[in-house]
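Listed here are the chains, written in short residue letters.
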Amino acid sequence: RNSSAASDVYKRQRENFDAAIVGAGPSGSSLAIRLAQAGLKVILAEKGEFPREKLCGEFVSPECLDLLCDLGVFPKVGSEIRETVFYSVSGRSVEIESKWFGATAGNALGLSRALLDSLLLDQCLNVGVDVRTKTTAAAMINEGGGLSGIRLKGFDGSEAEVTARIYIDATGRQRVLARKFATTTASPQAAKRVAFKTHLRGAAIEDGTCEIYSYPGGYGGCNAVENDLSNLCFIVSADQVKRNGSVADDLVRNVVSANKRAGTVLEHSTVAKDWLAVPIERFGAASVVPCEGLLTVGDAAAFIDPFTGSGILMALESSAIAANAITRSFANGFEFSTVASTYLSQHQDRFKTRLRVCAALRSAAFSPIAASALMHLLKFSGGVRKRIAVATRH
């Protein structure tokens, strides 16, 4: 009798959806909004509790603002960014204008991820998405090498088995769902770089400017966000982290401030929020269709170099591509194979070239000598600067 009762409870906890998305960052939330607006039954699971801080450059490019408008999300605060200025170690600089990217909005926006993600999550609720925060994907249900279900577990101890026609991994570089289907048997390599982020008060950056600093072993950026705060986000080598005892303030003083401009900007600033740190294991593309039934979007599909300022843009773009493939298939008798081939083809068409351009620029980004030489060459041609900048996003 007890076994039967337990079985009945388990059955009541089984829930069916058209689409199940794990991860409520910009890619997951924007995809959930688009699918729900198209009439699909969508669940969105997120391990965090909103609002929450997230390691990010917090640079919302002009194209993002157009995409957010399409989603019904209108940020009413933030700091307008008219240009991005790259500084070599010695202080040499080169400017990239936000208006070059050709979006309706014209200029970029400095906006914290805590606020952006909350705005997107609120819109998910407005359009009928079943949102569950403080909930993890505790287990995958595999059938025939594909994903056929997810067991969700809430921090309150609640559990549910979710089945859907399609599943989406929007968990960023962690690839929580996709990594379960990885075919490689090689041992994971230790991350060679680590990213840090906090909010500052009193950073002496120019109004309307995002500043990018090159220094030995990495690069970082600073731009204003809302509430008179500035976001500082930087990447350093794992060796530098060890030499500085993993203390972020020491890394700022001993590594980031080796850049003359960064030293000036950060000299009298104070840390306003706790530091965040994450290892950076990879750049570039990963599998966008890891197995039958599963797609990846955002950083889970491809992680673009932060110096481009287009990470949030790729998250919103990849979700729009996925939404188009999914909704068209649902309208014509859903077939995962059709969705997968369409999404894979369109994802490659949209992002392959820009990822190659970023890979070519990456060596300069992590080498002060190469970065300084490139800035020297680009300083004399606004046209070349514009073409390279646009190539990182179109």
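See the structure shown above.
Overview of the structure.

Conventions used here
- Residues numbered from 1 in each chain as written.
- Predicted model: local features only at pLDDT ≥ 70, side-chain atom pairs only at ≥ 80, totals over all residues.
- Heavy atoms only, no water.
- Buried < 20%, exposed > 50% of the residue type's maximum accessible area, 1.4 Å probe, protein only.
- Helix = DSSP H or I, 4+ residues; strand = E, 2+ residues; numbered from the N terminus.
- Pairing = 2+ DSSP bridges.
- Core = buried A, V, L, I, M, F, W, Y, C linked by side-chain atoms within 4.5 Å.
- Contact = heavy atoms within 4.5 Å.
- Axes fitted to C-alpha atoms, helices over the stretch in contact; angles between N-to-C directions.
- Left-handed = near helix turned anticlockwise from the far one by under 90°.
- Nonpolar A, V, L, I, M, F, W, Y, C, P; charged D, E, K, R; others polar.

It is worth spelling out the pairing of strand S12 (residues 193-201) at this point. With 7 of its 9 residues buried, S12 lies for the most part within the structure. With 8 bridges connecting them, S12 and strand S15 (residues 230-237) associate as antiparallel partners. When the bridges of S15 are listed, Ala195 appears paired with Ile235. Taken together, the 5 bridges between S12 and strand S17 (residues 276-280) define a ladder with antiparallel strand orientation. Following the sheet pairing, Arg193 is matched in S17 by Ile280. Summarising the sheet, S12 and strand S16 (residues 270-271) pair through 2 bridges and their orientation is antiparallel. Bridging from a neighbouring strand, Arg201 pairs with Thr270 of S16.

Of note, the bond from Phe50 into Pro51 is cis; its omega dihedral lies within 30 degrees of zero at -5°. Residue position: Pro51 is located in the loop between strand S2 (42-45) and strand S3 (59-60). The residue Lys134 is not glycine, and still its phi comes out positive at about 55°. Inspection of the secondary structure puts Lys134 in the loop between strand S8 (130-132) and strand S9 (135-143). In the Ramachandran plot, Asn227 falls in the positive-phi region, its phi being about 60° despite a non-glycine side chain. Mapped onto the elements of the fold, Asn227 is located in the loop between strand S14 (218-224) and S15.

Pairing within the open sheet is antiparallel, and its 3 strands lie in the order S3-S7-S4. Pairing within the sheet leaves two strands with one partner each, and these edge strands are S3 and strand S4 (79-81). Judged from the 3 bridges that link them, S4 and strand S7 (residues 108-110) form a sheet pairing that is antiparallel. The partner of Ile81 across the bridge, within S7, is Ala108.

Take the nonpolar core next. Counting 54 residues, the largest nonpolar core has Ile21, Leu35, Val60, Leu68, Ile166 and Tyr343 as its most contacted members. Within the residue set of this core, elements represented by two or more residues are strand S1 (14-22), helix H2 (26-37), S2, helix H3 (62-71), helix H4 (113-126), strand S11 (159-169), helix H8 (311-331) and helix H9 (336-365). When residues of this core are assigned to their parent elements, the largest contribution, 9 residues, is made by H8. Those residues in contact with Ile21 that sit more than four places away from it in its chain are Gly28, Leu31, Ala32, Leu35, Val42, Ile43, Leu44, Ala45, Ile168 and Ala170.

Time to look at the environment of Ile212. In this fold, Ile212 is placed in strand S13 (residues 209-215). For Ile212, a relative accessible area of 11% gives the class buried. Linking Ile212 and Val85, residues 127 residues apart in sequence, is a C-alpha distance of 6.1 Å. Excluding residues that lie within four positions of it along the chain, Ile212 makes contacts with Thr84, Val85, Phe86, Tyr87, Tyr219, Gly220 and Gly221.

One can find Ile321 in helix H8. Here Ile321 falls in the buried class, since its relative accessible area comes to 4%. Taking the C-alpha atoms as reference points, Ile321 and Tyr343, separated by 22 residues in sequence, lie 6.6 Å from one another. What Ile321 contacts, discounting residues up to four positions off in sequence, is Tyr343, Gln346, His347, Arg350 and Phe351.

Two elements in contact, H2 and H8, have axes separated by 8 Å at closest approach and are oriented at 35°. Note on packing geometry: the crossing formed by H2 with H8 is right-handed. Contact with H2, carried on its side by Pro26, Ser27, Gly28, Ser30, Leu31, Arg34 and Leu35, involves Ala315, Leu316, Ser319, Ala320, Ala322, Ala323, Ile326 and Thr327 of H8 and no other residues of that element. Among the residues forming the contact of H2 with H8, the class breakdown is 9 nonpolar, 5 polar and 1 charged.

Most of H3 is tucked away, with 7 of its 10 residues classed as buried. Buried within H3 are the following residues: Pro62, Glu63, Cys64, Leu65, Leu67, Leu68 and Leu71. Looking at the buried residues of H3, the elements they touch are H2, S3, S7, H4 and H8. Trailing H3 by a residue or two, Gly72 shows a phi angle of about 85°, which is positive.

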